[in-house]
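Read off the chains here:
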Amino acid sequence: MSTKKLNHHNLSQPSVNANFNEVRVRFAPSPTGLMHLGNVRTAVLNYLFALKYQGTFVLRIEDTDAERNFDVGAKQILADLEWLNLKFQEGPYFQSQRANYYQTALEQLIQKKLVYRCFCSNLELERKRELQIAMHLAPRYDRTCALLTAPQIQAKLDQAEKFIWRFAVDQAAQAKFYDLAKGELEFELKHFSDFPLTRQDQSFTFIFANLVDDILMRISHVLRGDDHLTNTVSQILLYQAFEKPVPFFWHLPLICNLDGKKLSKRDFGFSLGDLQKAGFLPEAINNYLGIIGATFTEEILSLSDLSQALDFEHIHSAGQIKYDVKKLEWVNHKWINKLTPEELVPLCRPFLAAAYPDQLSPNNNTQLLKLIKLVHTDLVTLAEIVLQTKFYFCEPDYNFIRQNLAPEVKQLIQEFLLAQNLNHTTIANTINNNNLNNYTPEQLLNCLKEQANQAKIPAKIFFPSLRLILTGQPAGLHIVDLIDTLGLAETQKRLQQVIS
Ligand code: GLU
């Protein structure tokens, strides 16, 4: 696999002072819930970016918000990345174990007098905010505490009043950075608030811990969701405060459903777990998330193909990306078709074991392989194996079939079975012994066909009826394949059910 050197000329603007010798990207999820498609896309693109430019892909778990952390969150993220085969070269780092780094960084800002203590309570802040909104003012912190004198601060500290640290924004200045899709962006800071770096329990905010880590981990390109754009503006000020080079950014468009609304829990496929349960392959999910948002001549691409095909130097800026399950299904179908039936056996087994726990033999793969060979080219998801092979595991509803079967077909079956018993007493015995090896499936079908011809039953009635008897469905697989898979004894048993 050939890798590419990053063309800084195209990716950067001369005015941006970033000067990184190597590409280092990170995926920095917060373990506050299960991974959803937006997170997964961010992970995929970071991985591909590192792969393309021989960079390092770092994993950092942003678990500073103890109240919102979800117990199994981090473990699940690690398992999900492994399942997706998105290997990181560095990490996982856990922010909950890095408070000393954030403390050191905060002390630097205190020394530089770029931060101040804010003693306002949440209630007070909320009241001020409501007032500002009512007065049609941009809601932002009114800087009450920036004006406190040293003795006033000391008095509050002596009373053990709780406080947070805020960064003092120079509201006359601008923040500038380069976004790979949007180009150079410049924001006037006049409406920006003095943002908090710590919480009242002295833990560190997302904006601060995230930024300190990006500096310490020498992150050269920050690829993350568009919802972080305003955080980026605040963080640019922190890069400047620490006199560190500003990385390049790529704010990834949010993934929306087909109605254009932000993808939510109510949309199928929102969480990676939904897709795993429905039998989507990790290769297909990576592939789909890698191609949405751009145009490719060949759309079925592995991670390494994707890293070649993606052109990060000419990214089009899109407001949102539509999540189209049908397209994902198409990609999944293509990936399933790339696998051999042998490779599909272990992938399909859990779905069948859950659906037919009593019927599926735990160790025998031969029968499973035979079933998979029969249906694998039709599978859109792995879960579909359950319905596609139901005929094998579950007998159809013969009450229904007896009531709905064309009478001439019923009569034909009756005559066929009778003829078998009368003319071939030895075969009748073998039927009872469940051993009909004297027939091939073709021969059995030919016998039945011959009889249908004689009885002048049209093919369009006869074949669907026969399928209905064997599977409960009038359409589907070739009848010879059905007989072969069910075995002659089971076939005979099902035919008998029609007339009993
Ligand atoms: N923890 C943040 C999130 O999950 C990370 C944002 C970033 O990548 O900087 O949204």
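Everything below is about the structure printed above this text.
Thresholds, definitions, all that
Residues numbered from 1 in each chain as written. Predicted model: local features only at pLDDT ≥ 70, side-chain atom pairs only at ≥ 80, totals over all residues. Heavy atoms only, no water. Helix = DSSP H or I, 4+ residues; strand = E, 2+ residues; numbered from the N terminus. Rg over C-alpha atoms; globule rule 2.2 N^0.38 Å. Buried < 20%, exposed > 50% of the residue type's maximum accessible area, 1.4 Å probe, protein only. Contact = heavy atoms within 4.5 Å. Areas by Shrake-Rupley, 256 points an atom, 1.4 Å probe, with all protein chains shown as cover. Lys, Arg positive; Asp, Glu negative; His and termini not counted. Charge placed at Lys NZ, Arg CZ, Asp CG, Glu CD. Expected span 1.5 Å × (residues − 1). Pairing = 2+ DSSP bridges. Axes fitted to C-alpha atoms, helices over the stretch in contact; angles between N-to-C directions. Parallel < 35°, antiparallel > 145°, perpendicular 65-115°, else oblique. Left-handed = near helix turned anticlockwise from the far one by under 90°. Nonpolar A, V, L, I, M, F, W, Y, C, P; charged D, E, K, R; others polar. Bend = angle between axes of the 7 residues up to and from the residue. Near = heavy atom within 4 Å. Polar contact = N/O pair within 3.5 Å; in protein donor to acceptor, adjacent residues only side chain to side chain.

S.K.: Explain the overall build of the protein to me, and be specific about the residues and the numbers.
M.R.: When helices and strands are tallied, the protein shows 23 helices and eleven strands. Taking 23 Å as the expected radius of gyration for a compact globule of 500 residues, we find that the protein reaches 33 Å, considerably beyond that expectation. Dimensions of the protein, computed from the C-alpha atoms along their principal axes, are close to 110 × 50 × 40 Å. With 500 residues in all, the protein has 47% of them scored as buried. Long-range pairs, those at least 24 residues apart, make up 77% of the contacts in the protein between residues at least 6 apart in sequence. In the structure as shown, the protein presents an accessible area of about 25,300 Å², 51% of it carried by carbon and sulfur atoms. For the protein, the distance from the average site of its 51 positive side-chain charges to the average site of its 53 negative ones is 2 Å.

S.K.: Tell me what's going on with helix α2 (residues 37-52), and back it up with residues and numbers.
M.R.: Residues spaced three or four apart along an α-helix face the same direction, because each turn holds 3.6 residues. Taking 1.5 Å per residue as the helical rise, α2 with its 16 residues ought to reach 22 Å, and the 22 Å between its terminal C-alpha atoms agrees with that figure. Remark: Gln 54 follows α2 within two positions and exhibits a positive phi of approximately 50 degrees.

S.K.: Lay out the sheet that holds strand β1 (residues 24-27) in plain terms, naming residues and giving numbers.
M.R.: Taken in spatial order, the three strands line up as β1-β2-β3 in an open sheet, and their pairing is parallel. Edge positions in the sheet fall to β1 and β3 (90-94), since each of these pairs with one other strand and no more. When the angles between neighbouring strand axes are averaged without regard to direction, this sheet yields 25 degrees. Where strand β2 (residues 56-61) and β3 come together, three bridges link them in parallel fashion. The partner of Val 58 across the bridge, within β3, is Glu 90. In the packing of helix α3 (residues 73-84) onto the sheet, the strands contacted are β1, β2 and β3, and the crossing angle to β2 comes to about 155 degrees.

S.K.: Please provide a residue-by-residue account of the packing of helix α20 (residues 441-454) against helix α22 (residues 479-486), values included.
M.R.: At their nearest, the axes of α20 and α22 sit 9 Å apart, and the two run at 125 degrees to each other. Regarding the angle of α20 to α22, the classification is oblique. Classified by chirality, the crossing of α22 by α20 is right-handed. Taken together, the residues of α22 that come into contact with α20 (itself represented by Pro 441, Glu 442, Leu 444 and Leu 445) are Ile 479, Val 480, Ile 483 and Asp 484. Classifying every residue of the contact of α20 with α22 by side-chain character gives six nonpolar, no polar and two charged.

S.K.: So, the packing of helix α4 (residues 99-111) against helix α7 (residues 206-216): which residues are in play, and what are the values?
M.R.: Packing of α4 against α7 brings their axes to within 10 Å, and their N-to-C directions diverge by 95 degrees. The pairing of α4 with α7 is recorded here as roughly perpendicular in orientation. On α7, the residues that touch Tyr 101, Tyr 102, Ala 105, Leu 106 and Leu 109 of α4 are Phe 208, Ala 209, Val 212, Asp 213 and Leu 216. For the contact of α4 with α7, the residue count by class is nine nonpolar, no polar and one charged.

S.K.: Describe helix α13 (residues 341-355), and please don't skip the residues or the numbers.
M.R.: The terminal C-alpha atoms of α13, which comprises 15 residues, lie 20 Å apart, in line with the 21 Å expected from a rise of 1.5 Å per residue. The sharpest bend along α13 comes to roughly 40 degrees, located at Cys 348, with the proline Pro 350 sitting one to four residues further on. Considered for burial, the residues of α13 that qualify are Pro 341, Leu 344, Val 345, Cys 348, Arg 349, Phe 351 and Leu 352. Against α9 (272-277), α12 (325-338), α14 (366-375), α15 (384-388) and α16 (390-393) lie the buried residues of α13.

S.K.: Describe the site of the ligand, with residues and values.
M.R.: The environment of the ligand is made up of Arg 26, Ala 28, Pro 29, Ser 30, Glu 62, Phe 206, Asn 210, Arg 224 and His 228. Within the side chain of Arg 26, a nitrogen or oxygen atom sits 2.7 Å from an oxygen atom of the ligand. Residue Glu 62 places a side-chain N or O atom 2.7 Å away from a nitrogen atom belonging to the ligand. Here the ligand, which alone exposes 300 Å², has 83% of that area covered by the protein. The class makeup of the residues in the shell around the ligand is three nonpolar, three polar and three charged.

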